[in-house]
Amino acid sequence: QVQLTEFGGGSVQAGGSLRLSCVAYGNPYSTYSMGWFRQAPGKEREGVAAIYTTGGSPYYADSVKGRFTISQDNAKNTLYLQMNSLKLEDTATYYCAADERNGGLAPRAYKYWGRGTQVIVSS
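Residues numbered from 1 in each chain as written. Predicted model: local features only at pLDDT ≥ 70, side-chain atom pairs only at ≥ 80, totals over all residues. Heavy atoms only, no water.

Describing the state of the cysteines
Phase 1 of the analysis: Evaluated as defined, the whole model comprises 1 disulfide.
Phase 2 of the analysis: The side chain of Cys-22 participates in a disulfide bridge whose partner is Cys-96; the two sulfur atoms lie 2.0 Å from each other. Residues Cys-22 and Cys-96 are joined through a disulfide that is left-handed, its torsion about the S-S bond being -75°. Of this pair, Cys-22 sits in strand β3 (residues 18-25) while Cys-96 sits in strand β9 (residues 92-99), and the two are 74 residues apart along the sequence. (Disulfide = S-S within 2.5 Å. Helix = DSSP H or I, 4+ residues; strand = E, 2+ residues; numbered from the N terminus.)

Some thoughts on the sheet that holds strand β7 (residues 68-73)
Phase 1 of the analysis: The 4 strands lie next to each other as β1-β3-β8-β7, forming an open sheet whose pairing is antiparallel. Single-partner strands in this sheet number two, and they are β1 (3-7) and β7. Averaged over all pairs of adjacent strands, the angle between their axes in this sheet comes to 20°, without regard to strand direction.
Phase 2 of the analysis: In terms of strand pairing, β1 meets β3 through 5 bridges, oriented antiparallel. For Gln-3, the partnering residue across the bridge sits in β3 and is Tyr-25. (Pairing = 2+ DSSP bridges. Axes fitted to C-alpha atoms, helices over the stretch in contact; angles between N-to-C directions.)

That is the geometry; function is a separate question.
Structural data, given as structure tokens:
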């Protein structure tokens, strides 16, 4: 089984940057895709970015394309989300997730989830 823990949440002014980290614990062969998701108050959980653990082109939600970058460090078993040019609309709880298949940006397709980390963007 895989356990995930997010780090790096906090408060930042609009236009600023923040980097989130997700450390995965467990069998490295048990996951194939990993992603970042977010949920703002009163809204549905949505996919932000996803990547295959074996590499390849990542997926991005249109709302973050060009501003966010997902990456991974296999040596550290860590997933990252670099968030630049942050907007007020980016305020949400961000979750790291992993799946044994291709989950893409669909939250319901992911099996393993972290507890989330809060990101607050102010102006």
